[in-house]
Amino acid sequence: MQVAIYTLGCKVNQYETAAMEQELVRRGHTLTDFESTADAYIINTCSVTAVSDKKSRQMIRRAKKRNPQAVVAACGCYVQTHTQEAEGLGIDLISGTGQRMEFLDLLEKAVSAHRCIVHVDEALRRREFEVLPAGGMASRTRAMLKVEDGCTNFCTYCIIPYARGPVRSEPVEEAVRQTKELRRSGYQELVVTGIEISSYGKDRKDGATLIDLLEQVCAAAGDLRVRMGSLEPRTITEDFCRRAAALPNLCPHFHLSMQSGCDKTLRDMNRRYDTERFYESVLLLREHFDRPAITTDLITGFPGETEEDFAQTLAFIRKCEFAAMHVFPYSIRPGTPAAKREQVDMAVREARAHEAAEAAAQMHRAYLEGCVGKTYPVLFEQAHGGYYTGHAPNYMEVAVEGEDLHNRVVSVEIVRTDGQRLYGRSKEEN
Ligand code: SF4
């Protein structure tokens, strides 16, 4: 059968879609794009905000309209946390964030079932990590390696722990096996990802931690670059930094999830650190790495955030001098504790996000200016407006004038920046 998949949300959802695509092809099915007529449509849904819920429903309806004869199947966080609501959308197969391979078995059944199959387990009862095929069908540049699922931090604005269940970690030897596979398949970089990788190993009896895993993955990766997904500040310790700095192929890019620079707001979010501990992480990374790129996320206008609280946040982000930031105005997530609180006016949330984004742009430019005159091994990905673009190990975008450099790592001397990305000239082919 011809199958079309539409994916919403995070790297983990994209990873799981890539794994399902590989398995569907292995089973003899063909993939087609979501805009065309297919025998079956899969929507891998997201529920991180009310907007993603709405988008998930829209894509489900769009699939049904595209081919009313087709089987429409939905998986992912929205249908996991809103199963009954999803049943009202006339879907043929509903399966949450659980077993992906079993989901494909059910999809093949649904084609002949002519009735709605609902197969959603209790996420909070899960204990097993489902090892899925790594890599993907598309380019061979950067592959994701999912090593962890679930989260038990219960930040007050987040639905993920209810959608993904408790922490489950991939055995180190499995991650090493998959890393070698990705290397053989010609990838140049892999991103160690998960729902909350700082909790890696929390569920394992062997006591393996994230740095134990990284050491083994980096060793198995050989000359592949290894990049990490988002981290929580608690991961950044003297021991972690000393051992991570000893890994030659680990990219010095640390996305440290912050969310607020005000201790009162961090408490209200139920985040597990204060600004002092966060800043300690920043200093530790700068002590052990040469100009590491420290990037972060910020939510503005969280319920209860006053002008004074936000002023503290602005001062704190300037103190941290982030290389880049993702700034989001708080978005109500029904079903979370924060949604029940008195809300900050939407206009205020957005105005604060705008102000923070301006500060972020200045810091980004300052970090980029600090890269001028330096030389980086750049992994090139695509042609773009007369340039070929790629990313340096610090994940800054680099553009050079040149021929087809796709999936090649080339040494580039940085000559200037426009505040958005770096421009350079290639020195030699690595
Ligand atoms: S750490 Fe917090 S924000 Fe991140 S997935 Fe867990 S509960 Fe959600």
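Residues numbered from 1 in each chain as written. Predicted model: local features only at pLDDT ≥ 70, side-chain atom pairs only at ≥ 80, totals over all residues. Heavy atoms only, no water.

J.: Break down a nonpolar patch on the surface for me, with residues and values.
T.: A cluster of nonpolar side chains, Leu 124, Phe 154 and Tyr 162, forms an exposed patch at the surface whose accessible area comes to about 250 Å². On the secondary structure map, Tyr 162 appears in helix H6 (residues 160-164). Among the residues examined, Tyr 162 registers a relative accessible area of 34% and is labelled partly exposed. (Patch = residues over 30% accessible without salt bridge, like charges linked within 9 Å, V, L, I, M, F, W, Y side chains within 5 Å. Areas by Shrake-Rupley, 256 points an atom, 1.4 Å probe, with all protein chains shown as cover. Salt bridge = Lys/Arg side-chain N within 4 Å of Asp/Glu carboxyl O. Helix = DSSP H or I, 4+ residues; strand = E, 2+ residues; numbered from the N terminus. Buried < 20%, exposed > 50% of the residue type's maximum accessible area, 1.4 Å probe, protein only.)

J.: Can you lay out the environment of Leu 107 for me, pointing to particular residues and giving the numbers?
T.: Relative to the helices and strands, Leu 107 is located in helix H5 (residues 100-113). Leu 107 sits in the buried class, given a relative accessible area of 0%. Considered as a pair, Leu 107 and Arg 142 are 35 residues apart in the sequence and their alpha carbons are 29 Å apart. Once residues within four sequence positions are removed from consideration, Leu 107 is found in contact with Met 1, Leu 24, Ala 40, Ile 42, Val 71, Ala 73 and Leu 93. (Contact = heavy atoms within 4.5 Å.)

J.: Provide a residue-level description of helix H12 (residues 307-320), including the pertinent values.
T.: Its 14 residues give H12 an end-to-end C-alpha distance of 20 Å, which sits within 8% of 20 Å, the value for a rise of 1.5 Å per residue. Taken together, the buried positions of H12 are Asp 309, Phe 310, Thr 313, Leu 314, Phe 316, Ile 317 and Cys 320. All buried residues of H12 lie within an arc of 165° about the axis, which places them on one face of the element. Buried residues along H12 sit in contact with helix H10 (263-268), helix H11 (275-288), strand E12 (293-300), strand E13 (324-329) and helix H13 (346-369). Downstream of H12 by a residue or two, Glu 321 has a phi angle that is positive, lying close to 50°. (Expected span 1.5 Å × (residues − 1). Arc of directions from axis to C-beta.)

J.: Pulling in residues and values, what's your account of helix H8 (residues 210-221)?
T.: The end-to-end C-alpha distance of H8 is 16 Å, a good match for the 16 Å that 12 residues give at a rise of 1.5 Å each. Among the residues of H8, Leu 210, Ile 211, Leu 213, Leu 214, Val 217, Cys 218, Ala 220 and Ala 221 are the ones counted as buried. The inward-facing, buried residues of H8 abut strand E7 (142-149), helix H7 (172-184), strand E9 (189-194), strand E10 (225-228) and helix H9 (238-245). Once H8 finishes, Gly 222 follows within two positions and takes phi at roughly 60°, a positive value.

J.: Summarise the site of the ligand; cite the residues concerned and give the values.
T.: Near the ligand you find Cys 151, Asn 153, Phe 154, Cys 155, Tyr 157, Cys 158, Ile 160, Pro 161, Glu 196 and Arg 271, and these make up its full shell. Broken down by class, the residue content of the shell around the ligand amounts to seven nonpolar, one polar and two charged. (Near = heavy atom within 4 Å. Nonpolar A, V, L, I, M, F, W, Y, C, P; charged D, E, K, R; others polar.)

J.: Outline the sheet that holds strand E6 (residues 117-118), supporting the account with residue identities and numerical values.
T.: Judged by pairing direction, the sheet is parallel, and its six strands sit side by side in the order E2-E1-E3-E4-E5-E6 without closing on themselves. Across the chains shown, the open sheet's two edge strands, defined by having one partner strand only, are strand E2 (30-31) and E6. In this structure, strand E1 (residues 2-7) lies alongside E2, joined through two bridges in parallel fashion. Within the sheet, the bridge partner assigned to Val 3 lies in E2 and is Leu 31. Sitting on the sheet, helix H2 (residues 50-66) touches E1, strand E3 (40-45) and strand E4 (71-76), and the angle it makes with E3 is about 175°. Against the sheet, H5 makes contact with E3, E4, strand E5 (93-94) and E6, and its axis sits at roughly 160° relative to E4, the strand it touches most. (Pairing = 2+ DSSP bridges. Axes fitted to C-alpha atoms, helices over the stretch in contact; angles between N-to-C directions.)

J.: Before we move on, can you summarise unusual backbone geometry with the specific residues and values?
T.: In this model, Gln 259 sits at a positive phi of 80°, which is unusual for a non-glycine residue. Summarising the element assignment, Gln 259 is placed in the loop between strand E11 (253-255) and H10. A positive phi angle is found at Glu 321, which is not glycine, with a value near 50°. Tracing the backbone through its elements, the reader meets Glu 321 in the loop between H12 and E13.

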